[in-house]
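In case you want the letters, here they are:
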Amino acid sequence: MQLFNLKDKSEEVSFCEAVKRGIGREQGLFFMDKIEPLTDIDGLLRLPLVERSCKVLRHLIGDELPELESIVASAFTFKAPLVKADDNLYALELFHGPTLAFKDFGARFMARVLGAVRGESKLTILTATSGDTGAAVAAAFYGQPGIDVVVLYPKGKISPLQEKLIATLGGNIRAVEVDGTFDECQDLVKRAFDDLPFRAQVGLNSANSINISRLLAQVCYYFEAAAQLSPAQREHLAFAVPCGNFGNITAGLIAKALGLKARFAIACNVNDTVPRYLASGKWDPHATIPTLSNAMDISRPNNWPRVEALVKMQGWSLNDFAYGRMTDEETKATMKALYAKTGYILEPHAAIAYQVLKDNLQAGETGIFLGTAHPAKFKDTVDTTLGIDLPLPQALAARATLEDKKTELKPDYEALKAFMLQELA
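Values in this document were obtained by computation on a predicted structure and should not be read as measured data.

**A short note on the overall build of the protein chain**
- Secondary structure summary: the protein chain contains 18 helices and 14 strands in total.
- The C-alpha atoms of the protein chain give a radius of gyration of 20 Å, which matches the 22 Å a tight globule of 425 residues would have.
- For the C-alpha atoms alone, the extent of the protein chain along its principal axes is close to 60 × 50 × 45 Å.
- Each of the 425 residues in the protein chain was classed as buried or not, and the buried ones make up 62%.
- Across the protein chain, every contact between residues at least 6 apart in sequence was considered, and the portion connecting residues at least 24 apart equals 73%.

**Comments concerning the layout of surface pockets**
- Counted as a void, the largest pocket has a volume near 280 Å³.
- Taken together, 15 residues line the largest pocket, and the ones lying closest to its centre are Lys7, Leu29, Pro301, Asn302 and Pro305.
- Broken down by element, the residue count for the lining of the largest pocket peaks at three residues, all from helix 13 (residues 304-314).
- Broken down by class, the residue content of the lining of the largest pocket amounts to eight nonpolar, three polar and four charged.

**Some points on the pairing of strand 6 (residues 123-128)**
- Among the six residues that make up strand 6, six are buried, leaving the element largely enclosed by the rest of the structure.
- Residues Leu123, Ile125 and Thr127 of strand 6 are buried on one face, and the alternating residues Thr124, Leu126 and Ala128, pointing to the opposite face, are buried as well.
- Summarising the sheet, strand 6 and strand 7 (residues 147-154) pair through six bridges and their orientation is parallel. Paired with Ile125 across the strands is Val149, a residue of strand 7.
- Remark: the strand 6/helix 6 (residues 132-141)/strand 7 crossover connection has right-handed handedness.
- Sheet topology places strand 6 next to strand 9 (residues 204-205); two bridges connect them, and they run parallel. Within strand 9, the residue paired with Thr124 across the bridge is Leu204.

**So, the sheet that holds strand 14 (residues 406-409)**
- Taken in spatial order, the five strands of this open sheet run 9-6-7-8-14, and their pairing is parallel. Edge strands, defined here as strands with exactly one partner in the open sheet, are strand 9 and strand 14.

**Describing the nonpolar core**
- Phe15, Phe109, Phe141 and Phe369 are the most contacted members of the largest nonpolar core, which has 133 residues in total.
- A total of eleven residues in this core trace back to one element, the largest contributor, which is helix 10 (residues 212-227).
- Dropping the residues within four chain positions of it, Phe15 is found in contact with Met1, Leu3, Ile61, Glu64, Leu65, Phe109, Val113, Ile212, Ser213 and Leu216.
- Ranked by size, the runner-up nonpolar core spans 25 residues in total, among them Ala128, Val176, Phe193 and Phe419.

**With respect to the UniProt feature "modified residue: N6-(pyridoxal phosphate)lysine" (unreviewed entry) in the protein chain**
- Residues annotated in UniProt with the feature "modified residue: N6-(pyridoxal phosphate)lysine" (unreviewed entry) correspond here to Lys103.
- With respect to the helices and strands, the residue Lys103 is situated in helix 5 (residues 103-117).
- Those residues within four positions of Lys103 in sequence are excluded, and the remaining contacts are Asp132, Thr133, Ala136 and Arg214.

**Points about the packing of aromatic side chains**
- Applying the stated criterion across every chain, the model contains 14 aromatic pairs.
- Geometrically, the ring pair formed by Phe198 and Tyr413 is edge-to-face, given 6.5 Å between the ring centres and 85° between the ring planes. Of this pair, Phe198 sits in helix 9 (residues 196-202) while Tyr413 sits in helix 18 (residues 413-423), and the two are 215 residues apart along the sequence.
- Counting every residue linked through ring pairs, the aromatic cluster contains Phe76, Phe78, Phe105, Tyr221, Tyr222, Phe239 and Phe264.
- Between the NZ or CZ atom of Lys9 and the centre of the ring of Phe4, over which it lies, the distance is 4.9 Å.
- One Lys or Arg, Lys256, reaches over the ring of Trp316 and ends 5.5 Å from the middle of that ring.

**Describing the state of the cysteines**
- By the definition in use, this model includes zero disulfides.
- Take Cys185: it sits in no disulfide, and the sulfur closest to it among the cysteines is that of Cys268, at 20 Å.
- Since its relative accessible area comes to 0%, Cys185 is described here as buried.

**Things to note about the UniProt feature "domain: Tryptophan synthase beta chain-like PALP" (unreviewed entry) in the protein chain**
- Residues annotated by UniProt as "domain: Tryptophan synthase beta chain-like PALP" (unreviewed entry) correspond here to residues 88-365.
- Measuring from the first to the last C-alpha atom of residues 88-365 gives 8 Å, for a span that is 46% helix and 16% strand.

Cut-offs used in this document
Residues numbered from 1 in each chain as written. Predicted model: local features only at pLDDT ≥ 70, side-chain atom pairs only at ≥ 80, totals over all residues. Heavy atoms only, no water. Helix = DSSP H or I, 4+ residues; strand = E, 2+ residues; numbered from the N terminus. Rg over C-alpha atoms; globule rule 2.2 N^0.38 Å. Buried < 20%, exposed > 50% of the residue type's maximum accessible area, 1.4 Å probe, protein only. Contact = heavy atoms within 4.5 Å. 1 Å grid on protein atoms, 1.4 Å probe; cavity = no way out; pocket = protein on both sides within 12 Å on 5 of 7 lines; lining within 4 Å. Points joined across faces, edges and corners; volume = space filled by probe spheres on them. Nonpolar A, V, L, I, M, F, W, Y, C, P; charged D, E, K, R; others polar. Pairing = 2+ DSSP bridges. Right-handed = clockwise from strand over helix to strand, strands pointing away. Core = buried A, V, L, I, M, F, W, Y, C linked by side-chain atoms within 4.5 Å. UniProt positions renumbered as here; feature names shortened; annotations may be inferred. Phe/Tyr/Trp six-rings, centres within 6.5 Å; stacked < 30°, edge-to-face > 60°. Lys NZ or Arg CZ within 6 Å of the ring centre and 35° of its normal. Disulfide = S-S within 2.5 Å.

Listed below in structure tokens is the structure:
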């Protein structure tokens, strides 16, 4: 598999090299310049998740990574059920992994790929999270020899239970609470990658959706969603994806390029840089606003260049996207309305995707919205909004009372660099 730096096409790397580097020169993202469609999609959809995912990923990656099949089998050990939530509207529940979020698919796959390709070199994973990435990455790499992990997250802007999943592990996992926004956390990561001597000194890599391995793993669950529908239903599919850094929808568009028949809707909260861009043609990020759907509190989504590259590659149009934005009050109203109607429990991110899907569903379509995190990860909001006492799954209950092991920093690169050099010495 050949991948190119979207900012510097002369930088061409293999899949394994892209995974090891994480990001290219000038903070450019690695991406393919063509995607060959799969043959016999119907046959693939009759296969079980792991077998189908191996075929999809082998088609994309090619002959690299002989361990691919065993990596997929050990990474995808949980289900992604499609659950009916409303009339002709289904939730793809991606929160049945160990950290109860969709990021488990990509993080577990990436951890195993890096373990296979790193050789004797020591690596340091530096990642910023607006909620679930950090927990999934921390769990995926916890205790893995030769790999240290530093997770940056914005103070007071992720849920208490999301923080527990990141900050209670210790060992090779360092949790850093940054007194700032997610965008500032992301800027710190970018500066570290631009600091080439430091990058080489600590063997820097990133595990958020900048890394191509995360995206490719996520492609697989779009096919899993279609596989759970009848052939007639999957002829006219519409997905709504809650969007923050835009990695999740990029994976869906790769699935579309591979031959999955689907239309996509972009679902955002009031951090609506992309919806405003699609409406006006002007890229105008505003200051990030904290919301109930905190994983979407991103004003400068890293993966948008990949979306535009895919649109251009495939001859699509940005006008093909449906999109919508919702306030916190609208989000809570949607949560209440669906719970009263069908009893299905939405957390804020899924609520936005559900409503945008419902508002944009066309006649004859089957709608699927992505449930990206277990509602219990947002227990305070869900309980207060719905008037219930949602029980904690064991994975959360076991960590809820543990002591945090975190370091607090200002959004200052030199302070982060000094901390990492001391910790990783």
